[in-house]
Amino acid sequence: MPYYDQHVHTYFSFDSDAQFEAYLAQTDHPFVTTEHLEMFNPDDAHHDNKPDYRAYVQKLDALHQKYPNQFLRGIEVGYYEPKLNDIYAYLDANRYDLVLLSFHHNGEYDFQDDHFKTVDKKALVQDYYARMLAGVRRFDGADVLAHFEYGLRVVDVTPSELAAWARPMIQGIFSEIIAKQMALELNTKSMYLWHDVTLYDLVIPWYQALGGKLFTLGSDAHVPDAFEMEFAQAKALLHRHHIEQLAVYQDHQPTLVTF
Ligand SMILES: [Zn+2]
Ligand SMILES: [Zn+2]
């Protein structure tokens, strides 16, 4: 089986207008989108953004009639502790193959908001990873930790700063996801658009040293042109870390594929 993009958005996400057909024109491989489930979303007037599951399944069924691809169902859960019961209720009511876990906002601001360019960098880093550590400990039912450095996208944090300020917390996060058999995502949008590739290079050995073996690769495409963006570069980076296999998910079960 080939590896395929496992972080993709369409118009079922609040922040994308992308059409399935525009992605499908680019691939015969299995296809999964990971739409935003984002409660109390600061980027949308604190609304609860929930994909319309019935419409999503209907769309996938219709596509299945027309396209050769295998269709899988995915979702990107934005962790927000005060809404955990609502998040679990949504996930219990609907069946997915792949659940990404993300840390996008703090209830007041999305971490990509310019607000965070004005705050103390060290305090931001430590607050972000304290939230993530508490969240990965508490949350059950995710398959993948997405873009571990999302909260640093809008600020410049060097590898040495990240190591000095947050290494034990990030190692704690990795221990937790390893115990929960979750994969670590390499997010090519973060790596090559937000220039955080050096942070991935830093932490991959930390994850491996703790026994982490499951990796995924996702473009985080919100537009069709970004589908599988820079996958060749990211795969080369993984090879440099002696990683030869990536996990693909069906009904929450990982299958390792050699790339
Ligand atoms: Zn995300
Ligand atoms: Zn995403």
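Residues numbered from 1 in each chain as written. Chains lettered and ligands numbered in written order. Predicted model: local features only at pLDDT ≥ 70, side-chain atom pairs only at ≥ 80, totals over all residues. Heavy atoms only, no water.

Undergrad: Which residues make up the overall build of the chain, and what are the values?
TA: Summing up its helical and strand segments, the chain has eight helices and nine strands in all. Expected size for 259 residues packed as a compact globule is a radius of gyration near 18 Å; at 17 Å, the chain falls within 12% of this value. If one aligns the C-alpha atoms of the chain with their principal axes, the spans along those axes are about 55 × 45 × 30 Å. Burial analysis of the chain (259 residues in total) assigns 54% to the buried set. (Helix = DSSP H or I, 4+ residues; strand = E, 2+ residues; numbered from the N terminus. Rg over C-alpha atoms; globule rule 2.2 N^0.38 Å. Buried < 20%, exposed > 50% of the residue type's maximum accessible area, 1.4 Å probe, protein only.)

Undergrad: Mind laying out helix 4 (residues 121–138), listing which residues take part and the relevant values?
TA: For helix 4, built from 18 residues, the straight-helix expectation of 26 Å at 1.5 Å per residue is met to within 8% by its first-to-last C-alpha distance of 26 Å. Residues L124, V125, Y128, Y129, M132, L133, G135 and V136 constitute the buried set of helix 4. Close packing links the buried residues of helix 4 with strand 4 (98–102), strand 5 (144–145) and helix 5 (159–179). (Expected span 1.5 Å × (residues − 1). Contact = heavy atoms within 4.5 Å.)

Undergrad: Please give an account of the coordination of the zinc ion (ligand 1) that cites residues and values.
TA: The protein atoms donating to the zinc ion (ligand 1) are E76 (OE), H104 (NE2) and H147 (NE2), with metal-donor distances spanning 2.1 Å. Taken in chain order, the donor set of the zinc ion (ligand 1) reads E-x27-H-x42-H. Between the zinc ion (ligand 1) and the zinc ion (ligand 2) the interatomic distance amounts to 3.3 Å, and E76 serves as a bridging ligand to the pair. In this pair, H104 is assigned in the loop between strand 4 and helix 4 and H147 in the loop between strand 5 and helix 5, connecting sequence segments 43 residues apart. Across this residue pair, the class does not change: H104 and H147 are buried. (Donors = N, O, S within 2.8 Å, 3.2 Å for Na, K, Ca; no water.)

Undergrad: Residues and numbers for the nonpolar core, please.
TA: Judged by nonpolar contacts, the single largest core of 89 residues is most densely connected at Y129, L145 and L162. Per-element accounting of this core gives the leading share, eight residues, to helix 5. Every residue in contact with L145, bar those within four places of it in the chain, is listed here: L101, F103, M132, V136, I173, I177, M182, A183, L184 and E185. (Core = buried A, V, L, I, M, F, W, Y, C linked by side-chain atoms within 4.5 Å.)

Undergrad: A description of the environment of Y4 should follow, citing residues and the corresponding values.
TA: In this structure, Y4 sits in the segment before helix 1 (20–24). The sequence separation of Y4 and V32 amounts to 28 residues, and the corresponding C-alpha distance is 8.6 Å. The residues contacting Y4, other than those within four sequence positions of it, are H29, P30, V32, L72, L217, E228, F231, V248 and Y249.

Undergrad: Explain the UniProt feature "domain: PHP" (unreviewed entry) in the chain to me, using residue names and the numbers behind them.
TA: Feature annotation in UniProt places "domain: PHP" (unreviewed entry) on residues 5–188, given in this structure's numbering. Taken end to end, residues 5–188 has its terminal C-alpha atoms 10 Å apart, with 38% of it in helix and 18% in strand. (UniProt positions renumbered as here; feature names shortened; annotations may be inferred.)

Undergrad: Hey, could you go over the coordination of the zinc ion (ligand 2) for me, with residue numbers and the actual values?
TA: Within the protein, H7 (NE2), H9 (NE2), E76 (OE) and D220 (OD) serve as the donor atoms for the zinc ion (ligand 2), at 2.0 to 2.4 Å. We note that the donor set of the zinc ion (ligand 2) lies within a single chain, spaced as H-x1-H-x66-E-x143-D.

Undergrad: Lay out the pairing of strand 8 (residues 245–250) in plain terms, naming residues and giving numbers.
TA: Direction of pairing for strand 8 relative to strand 9 (residues 253–258): antiparallel, over a ladder of six bridges. Residue pairing for strand 9: L246 is matched across the bridge by V257. The turn linking strand 8 back onto strand 9 is made up of two residues, and D251 within it adopts a positive phi angle of 50 degrees. (Pairing = 2+ DSSP bridges.)

Undergrad: Requested: an account of the pairing of strand 6 (residues 183–187), with residues and values cited.
TA: For strand 6, a buried count of five out of five residues is recorded, marking the element as mostly surrounded by other parts of the structure. Judged from the two bridges that link them, strand 5 and strand 6 form a sheet pairing that is parallel. The partner of V144 across the bridge, within strand 6, is A183. Handedness of the crossover is the feature at issue here: the chain leaves strand 5, passes through helix 5, returns alongside strand 6, and the resulting connection is right-handed. Where strand 6 meets strand 7 (residues 215–218), four bridges bridge the pair, whose relative direction is parallel. (Right-handed = clockwise from strand over helix to strand, strands pointing away.)

Undergrad: So what's going on with the packing of aromatic side chains? Residues and values would help.
TA: Considering all chains together, one arrives at 27 aromatic pairs under this definition. Residues F20 and F31 carry aromatic rings whose centres are separated by 6.5 Å and whose planes lie at 70 degrees to one another, so their mutual orientation is edge-to-face. Separated by eleven residues along the polypeptide, F20 in helix 1 and F31 in strand 1 (residues 31–41) bring together distant segments of the chain. Judged by its relative accessible area of 0%, F20 falls in the buried class. Measuring from ring centre to ring centre gives 5.0 Å for Y207 and F215, while their planes differ by 80 degrees; the resulting arrangement is edge-to-face. We classify F215 as buried; its relative accessible area is 2%. Taken together, the ring pairs in this structure connect Y11, F12, F20, Y23, F31, Y53, Y56, F71, Y90, Y96 and F227 into an aromatic cluster. (Phe/Tyr/Trp six-rings, centres within 6.5 Å; stacked < 30°, edge-to-face > 60°.)

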